Amino acid sequence: MIDTSHVLIRHVTEADLLALEWEGEYRKYRRIYRRAMEDARRGRRILFVAEIGGEIVGQIFVQLSHYRSNQEHISSTGYLQSFRIKPPFRNHGIGSRLIYQAEKALKERGFKRAIIAVAQHNHDARRLYERHGYSIFREDPGEWSFIDDQGLPQHISEPAYLMEKQL
Ligand SMILES: CC(C)(COP(=O)(O)OP(=O)(O)OC[C@H]1O[C@@H](n2cnc3c(N)ncnc32)[C@H](O)[C@@H]1OP(=O)(O)O)[C@@H](O)C(=O)NCCC(=O)NCCS
């Protein structure tokens, strides 16, 4: 039985970087996490983790950089990213608390809109975002690349929906 009554939502620190790799499953994102930490130091991103009894069980990142839509420059949009909860801790409301914290952080900074990309096959996550007030505003090819922990280029192709919410 998972006791989620003592979930701590807090900012990521340098000491958490290894734990974000989840015993190796997300080691490939090592450079992405380091860059996210660097962005957080520069005020460009906010990184939250959920912790239970000293174990990091989930995370959400919020990118504060500008987002372009139809050539229009929208500076008041925050982009929710890297959202995940460890499997045994899902369906206990922890993800919802992370979304709430992310939106709160955006509102405190005067941001008016949050967006999140969800893979088109990820019906559970989409339902959760809809319940939180997000709606699809366009499709996205979901093509992106990164350099993994071995220094090798990796390409991801995962068609997604972009969902938005006015804060
Ligand atoms: C998507 C994800 C982050 C959601 O996290 P979560 O902690 O399970 O989210 P919540 O518990 O807040 O909500 C999930 C469900 O549990 C329900 N729930 C919320 N609070 C609850 C509680 N206290 N007790 C029981 N169920 C609860 C919600 O109503 C929701 O129900 P639904 O499946 O009908 O939509 C998690 O499932 C995950 O990591 N998935 C794999 C990675 C992923 O898909 N990430 C998203 C990329 S866009």
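Residues numbered from 1 in each chain as written. Predicted model: local features only at pLDDT ≥ 70, side-chain atom pairs only at ≥ 80, totals over all residues. Heavy atoms only, no water.

A. The arrangement of the environment of Q59 in detail. Here Q59 lies in strand 3 (residues 55-63). You can call Q59 buried: its relative accessible area is 0%. When the C-alpha positions of Q59 and L106 are compared, they lie 16 Å apart, and in sequence the two are 47 residues distant. In contact with Q59, other than residues within four places in its own chain, are L20, Y33, F48, V49, S82, F83, R84 and L98. (Helix = DSSP H or I, 4+ residues; strand = E, 2+ residues; numbered from the N terminus. Buried < 20%, exposed > 50% of the residue type's maximum accessible area, 1.4 Å probe, protein only. Contact = heavy atoms within 4.5 Å.)

B. View of the sheet that holds strand 6 (residues 77-85). An order of 1-2-3-6-7-11-8 is seen for the seven strands of this open sheet, with the pairing classed as mixed. Both edges of this open sheet fall to strand 1 (7-11) and strand 8 (135-140), since each of them pairs with a single strand only. Each neighbouring strand pair of the sheet contributes to a mean axis angle of 25°, computed without reference to strand direction. In the sheet, strand 2 (residues 45-52) pairs with strand 3 via eight bridges, with the strands oriented antiparallel. Residue pairing in the sheet places A50 in a bridge with G58 of strand 3. (Pairing = 2+ DSSP bridges. Axes fitted to C-alpha atoms, helices over the stretch in contact; angles between N-to-C directions.)

C. Spatial organisation of the nonpolar core. Counting residues in each nonpolar core, the largest one holds 29 residues, and the members touching the most others are I60, L80, I94, L98, Y129 and Y134. Elements supplying a minimum of two residues to this core: strand 1, strand 2, strand 3, strand 6, helix 2 (94-108), strand 7 (113-119), helix 3 (123-131) and strand 11 (160-166). Element by element, the count of residues in this core is highest for helix 2, at six residues. Formed by 15 residues, the second largest nonpolar core is a distinct cluster that contains V12, L17, Y33 and A36. (Core = buried A, V, L, I, M, F, W, Y, C linked by side-chain atoms within 4.5 Å.)

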